Amino acid sequence: MKTAIIKYNAGNIRSVQFALERIGVNGIVTDDPEEIRSADKVIFPGVGEASTAMQYLQQRGLDKVILSLKQPVLGICLGMQLLCKHSEENDTNCLGVFDVEVKRFQSPVANLLKIPQIGWNNIANLHSTIFEHVPENSYMYFVHSYYAALSPDTVAIANYVINYSAALQKGNFYAVQFHPEKSADLGQNILDSFLKL
Amino acid sequence: MLTKRIIPCLDIKDGRTVKGVNFENIRDAGDPIELGALYAQQGADELVFLDITATNERRKTLSELVSRIARHINIPFTVGGGIAAVEDVNVLLQSGADKISVNTSAFKRPELVDELSREFGSQCIVLAIDTRFEDGDWYVYLNGGRVKTTTKAFDWAKEAVDRGAGEILLTSMNNDGTKQGFALDITAQLSQNLNVPVIASGGAGTMEHFTEVFENAQADAALAASIFHYKEIEIPALKTYLYNKGINIRF
């Protein structure tokens, strides 16, 4: 089995690679369209800013490559947000796999809500095979200032003053806002379930 | 709901975990990777590795250590010690660190915080402040607590947040190593007035101290070293205790 990790200008790739190693999978970090297309599974990670990341993907034609994929794809954090339709972060048009708007957290009162959300939060209403080995209300590690709104594609909900999509799924596209590669053993179970799809 | 975090800190010297009292009398506390893996397995929410002897020559050793840690540990970890430029951070993130912490170098050249947050995002930049209470206020200390400044801890924290620091790791030198509890007043001042998470550090001695710092000082996370290294308090017992006190904790 070949697992490709999409290489682009939005960090955090090493942690994903190490997490795969821990479950005995050798992830290939690549921005080569042929390598990505021929992989059995594709992971689209990311930490960073939406508009520069989208620009980078477009300049290299990776946006079209990602949209053309038929095998299971897993977007993580910024990767998930880029799979949505549009992000408020620098008013960025994204890939549009999910018909979902990405918005910035707003504190109802000054300093009540710390932004970014950094830490462990629980996920609920789990409806995806990637959560097969994850109990309801398990804690996952989140680091983000923007969130994907709830939608018919929502397969896990988290709450940070408001309810939002902790995970989305549509066809072969899976996406999680949290970092399974940093979410201890239960996070590892998610990666494992994804790789077994 | 977002939980409060329990963060063991591993001070590294020549590749070993060490711990001192009031920043002095350093003694050996074991292999950092073994300890880190043990803490992760016990339910630590995050780890912090601080290379207290970091110099330019040793930075290569540090990145090798970070890469070994990253291979073995499936929770987030922060690395600090001697970081003074974008390139230093690049190397550490490439080795698998999730966040980095800056202290003296950022104070001496505050633009470093802007540069790092622009390049890697605020979520990646932890500003560490060592502070001591004297003459009626909390002042910033540099170089591992050896050099006093005339800047107040709150003022520096606020400036750093404005420049893009995503978290504050606040260590009270008065409390560090004393096991008499965290510095609640300055922790609360930062936590209530800044829009980023505050990690309280220095002084943890009992489980009650953690309740205090979360409830009375609104810390987002609490960091401790020796009580975990010498098994005076074990993380599972601490988490059970906090949970029973009604504090939001991850199990």
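Residues numbered from 1 in each chain as written. Chains lettered and ligands numbered in written order. Predicted model: local features only at pLDDT ≥ 70, side-chain atom pairs only at ≥ 80, totals over all residues. Heavy atoms only, no water.

Digging into the overall build of chain A
Line of reasoning, step 1. Helices and strands together make up the secondary structure of chain A, namely six helices and 13 strands.
Line of reasoning, step 2. Taken against the 2.2 N^0.38 rule, which gives 16 Å for 197 residues, the C-alpha radius of gyration of chain A at 15 Å falls within 12% of a compact globule.
Line of reasoning, step 3. Taken along the three principal axes of its C-alpha coordinates, chain A extends 50 × 35 × 30 Å.
Line of reasoning, step 4. Out of the 197 residues belonging to chain A, those deemed buried represent 62%.
Line of reasoning, step 5. Contacts spanning at least 24 positions in sequence make up 67% of the contacts within chain A whose residues lie at least 6 apart.
Line of reasoning, step 6. As displayed, chain A has an accessible area near 7400 Å², and 47% of this comes from carbon and sulfur atoms.
Line of reasoning, step 7. Positive and negative charge centroids in chain A, built from 16 and 19 side chains respectively, lie 2 Å apart. (Helix = DSSP H or I, 4+ residues; strand = E, 2+ residues; numbered from the N terminus. Rg over C-alpha atoms; globule rule 2.2 N^0.38 Å. Buried < 20%, exposed > 50% of the residue type's maximum accessible area, 1.4 Å probe, protein only. Contact = heavy atoms within 4.5 Å. Areas by Shrake-Rupley, 256 points an atom, 1.4 Å probe, with all protein chains shown as cover. Lys, Arg positive; Asp, Glu negative; His and termini not counted. Charge placed at Lys NZ, Arg CZ, Asp CG, Glu CD.)

Side note on the interface of chain A and chain B
Line of reasoning, step 1. Taken together, the contact between chain A and chain B spans 29 residues of the former and 37 residues of the latter.
Line of reasoning, step 2. Contact between chain A and chain B buries roughly 2600 Å² in total, counting both sides, with carbon and sulfur atoms accounting for 50%.
Line of reasoning, step 3. There are three salt bridges connecting chain A and chain B.
Line of reasoning, step 4. Arginine 71 of chain B is the salt-bridge partner of glutamate 21 of chain A, the closest N and O atoms lying 2.8 Å from each other.
Line of reasoning, step 5. Viewed at the interface, chain B and chain A are joined by 19 residue pairs in polar contact (both at pLDDT 80 or more). (Buried area = accessible area lost by both parts, 1.4 Å probe. Salt bridge = Lys/Arg side-chain N within 4 Å of Asp/Glu carboxyl O. Polar contact = N/O pair within 3.5 Å; in protein donor to acceptor, adjacent residues only side chain to side chain.)

Topic: empty space enclosed by the protein
Residues and elements named next belong to chain B.
Line of reasoning, step 1. Following the criterion strictly, the structure yields two cavities of 30 Å³ or more and no others.
Line of reasoning, step 2. In this structure, the largest cavity occupies an estimated 40 Å³ of space.
Line of reasoning, step 3. Contributing to the lining of the largest cavity are Leu38, Tyr39, Gln42, Phe228, Lys231, Ile233, Glu234 and Ile235.
Line of reasoning, step 4. For the lining of the largest cavity, the leading source of residues is helix 1 (residues 32-42), giving three residues. (1 Å grid on protein atoms, 1.4 Å probe; cavity = no way out; pocket = protein on both sides within 12 Å on 5 of 7 lines; lining within 4 Å. Points joined across faces, edges and corners; volume = space filled by probe spheres on them.)

Looking at the pattern of salt bridges
Line of reasoning, step 1. Considering all chains together, one arrives at 20 salt bridges over all chains under this definition.
Line of reasoning, step 2. Note that aspartate 192 of chain A and lysine 196 of chain A form a salt bridge whose closest N and O atoms lie 3.0 Å from each other.
Line of reasoning, step 3. According to the relative accessible area criterion, aspartate 192 of chain A is partly exposed, its value standing at 26%.
Line of reasoning, step 4. We classify lysine 196 of chain A as exposed; its relative accessible area is 64%.
Line of reasoning, step 5. Across the pair glutamate 159 of chain B and arginine 163 of chain B runs a salt bridge, and its minimum N-O distance is 2.8 Å. Here arginine 163 of chain B and glutamate 159 of chain B lie together in helix 6 (residues 153-163), a separation of four residues that amounts to about one turn.
Line of reasoning, step 6. Its relative accessible area of 32% is what places glutamate 159 of chain B among the partly exposed residues.
Line of reasoning, step 7. Note on arginine 163 of chain B: relative accessible area 23%, which makes it partly exposed.

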